[in-house]
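Summary of structural features
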Amino acid sequence: MKNNTLVIPKLDWQDSLKAFALLGILLNHLVEEFHKGPLFTGFENFSPIRLLAWIGDFGPGVFILCSGIGLTWAALHRNKVGFAPVAFYKRRLLRIFPLYMALHLILLALAIVTPESVLRDHHAFPLSLAHPKMLLSILGLRFTDSLFFFISPSWWFVWLVIQLYLIFPVLYLLMRRIGIQRFLLMALAITLICRAFGILFPMAIPWKTYSWLLGIFFGTRLAEFCAGMAIAYYLKQHHTSCSRFQSPGVILLWCLPILICGLTAQLYPMGKIISYPLISLSMAGIFYAIWQSGLKKIPALAGIITWIGVESY
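These notes cover the structure that comes with them. (Residues numbered from 1 in each chain as written. Predicted model: local features only at pLDDT ≥ 70, side-chain atom pairs only at ≥ 80, totals over all residues. Heavy atoms only, no water.)

A count of helical and extended segments in the protein gives 14 helices and zero strands. Overall, the protein shows an N-to-C arrangement of helices and strands of α-α-α-α-α-α-α-α-α-α-α-α-α-α. Taken over 313 residues, the protein has a buried fraction of 45%. Taking the intrachain contacts of the protein between residues at least 6 apart in sequence as the baseline, contacts between residues at least 24 apart amount to 71%. Surface accessibility of the protein: about 16,500 Å² in total, with carbon and sulfur atoms responsible for 70%. (Helix = DSSP H or I, 4+ residues; strand = E, 2+ residues; numbered from the N terminus. Buried < 20%, exposed > 50% of the residue type's maximum accessible area, 1.4 Å probe, protein only. Contact = heavy atoms within 4.5 Å. Areas by Shrake-Rupley, 256 points an atom, 1.4 Å probe, with all protein chains shown as cover.)

Written as structure tokens, this is what we have:
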């Protein structure tokens, strides 16, 4: 009997990017517990661990890029049977919502057995299914400032991912129609315009500038996602059976100065228009170089890193 199961080739470095990004995010939160306030606001505040923690705070950008890579890589290999948006949405819903909803239910269950005084000390939000904010949060609809960081600040990423998933079929078809160069220019232009608008005209948007730049509206992070899409498209077109780019050393030489430029830009209000795309792309490149240059050749360590990446969502 013929096996019709679709086999999608594995990009062995993709999980390592997510693992390094997650470790950076965890380092950021750990250091924040001991150093209240901004971790790094200028070179007068320099220390190696605080600098690494500050850089780790940009880890979600790597996840955005990896999302673009993974979705596009899978879609390109499913293209033999046709790209089906309905099936795509079904797979995405089953991937993110069960666990995300389960976390809410666990929290609500804890509210039943935990003394009210303890809850009042630790949570400034309604722990009840009857409250609209809780219902909207369970559905992933975190589209206001009060909802964006509701319950857990890190859950803002869920709302951004939902937006990107919703728009992905349109982006995918557009990229294949106009080519990756024009596609990337379009995505970069939209991103820069959206970010500049939020900085220059903060009163014209219904959100705080920080929420806007972080991704409460997907347009401010579109370039990172579309860059991931373009990477997957490039690999499929030019390296059908190969998942490697140029040598890790060359990539590292390119990415280190770009990262420095991005971090420097982040220190200035107008620099934040371009800082996130620069930091996310350069961090991903550095993580790729670290993985390819040696870590993947150490079986035990490579296995741990891959496991972290696979389980990171």
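Along the polypeptide, serine 275 turns up in helix H13 (residues 272-293). Looking at serine 275, the relative accessible area reads 0%, which means it is buried. Reaching out from serine 275, the side chain makes a polar contact with the side chain of glutamine 266 at a distance of 2.6 Å. (Polar contact = N/O pair within 3.5 Å; in protein donor to acceptor, adjacent residues only side chain to side chain.)

Right, let's get into the environment of isoleucine 25. Secondary-structure assignment places isoleucine 25 in helix H1 (residues 14-34). When the C-alpha positions of isoleucine 25 and serine 154 are compared, they lie 9.8 Å apart, and in sequence the two are 129 residues distant. Setting aside anything within four residues of it in sequence, one finds isoleucine 25 in contact with Gly56, Gly59, Pro60 and Phe63.

Quick look at helix H9 (residues 180-200) now. In this model H9 runs 30 Å from its N-terminal to its C-terminal C-alpha over 21 residues, within 8% of the 30 Å that 1.5 Å per residue would give. By the burial criterion, the buried members of H9 are Phe183, Ala187, Thr191, Cys194, Arg195, Ala196, Gly198 and Ile199. Packing partners of the buried residues in H9 comprise helix H8 (156-178), helix H10 (209-216), helix H11 (222-238) and H13. (Expected span 1.5 Å × (residues − 1).)

So, about the packing of aromatic side chains. Pairs of aromatic rings are described using the distance from one ring centre to the other and the angle between the two planes. Under the defined criterion, the tally for this structure stands at 21 aromatic pairs. For the pair phenylalanine 20 and phenylalanine 287, a centre-to-centre distance of 5.4 Å together with 50° between the ring planes defines the contact as tilted. You can see phenylalanine 20 sitting in helix H1 and its partner phenylalanine 287 sitting in helix H13, a full 267 residues away along the chain. Here phenylalanine 20 and phenylalanine 287 have matching classes, each one buried. Across the ring face of tyrosine 165, the terminal group of arginine 92 is positioned such that the distance to the ring centre comes to 5.4 Å. (Phe/Tyr/Trp six-rings, centres within 6.5 Å; stacked < 30°, edge-to-face > 60°. Lys NZ or Arg CZ within 6 Å of the ring centre and 35° of its normal.)

Side chains that differ in charge, positive against negative, can pair when their charged atoms come close. For the structure shown, the criterion picks out four salt bridges. For aspartate 15, the salt bridge is made with lysine 10, and the minimal N-O distance between the two is 2.9 Å. Classification of aspartate 15 by relative accessible area gives buried; the value is 5%. A relative accessible area of 59% means that lysine 10 is categorised as exposed. Three or more residues are tied together by salt bridges with common partners; here these are Lys10, Asp15 and Lys18. (Salt bridge = Lys/Arg side-chain N within 4 Å of Asp/Glu carboxyl O.)

This part is about unusual backbone geometry. One non-glycine residue, isoleucine 151, lies in positive phi territory at about 70°. Looking at the element boundaries, isoleucine 151 is found in the loop between helix H7 (145-148) and H8. For isoleucine 151, a relative accessible area of 17% translates into the label buried.

Two elements in contact, H1 and helix H14 (residues 299-311), have axes separated by 7 Å at closest approach and are oriented at 80°. The angle between the axes of H1 and H14 places the two elements in the roughly perpendicular class. Between H1, through Asp15, Ser16, Lys18, Ala19, Phe20, Leu22 and Leu23, and H14, the contact on the second element is made entirely by Ile305, Thr306, Ile308, Gly309 and Val310. Residue composition of the contact of H1 with H14, by class: seven nonpolar, three polar and two charged. (Axes fitted to C-alpha atoms, helices over the stretch in contact; angles between N-to-C directions. Parallel < 35°, antiparallel > 145°, perpendicular 65-115°, else oblique. Nonpolar A, V, L, I, M, F, W, Y, C, P; charged D, E, K, R; others polar.)

Of all eight residues making up H10, six are buried, and the element is well covered by its neighbours. For H10, the set of buried residues is Ser211, Trp212, Leu213, Leu214, Gly215 and Ile216. Its buried side turned inward, H10 meets H7, H8, H9 and H13.

Let us look at the packing of H11 against H13. Between H11 and H13, whose axes approach to 9 Å, the crossing angle comes to 35°. Judged by the sense of rotation from one axis to the other, the crossing of H11 with H13 is right-handed. Across the interface between the two elements, Ala223, Glu224 and Ala227 of H11 pack against Tyr276, Pro277, Ser280 and Leu281 of H13. Within the contact of H11 with H13, the residues separate by chemical class into five nonpolar, one polar and one charged. (Left-handed = near helix turned anticlockwise from the far one by under 90°.)

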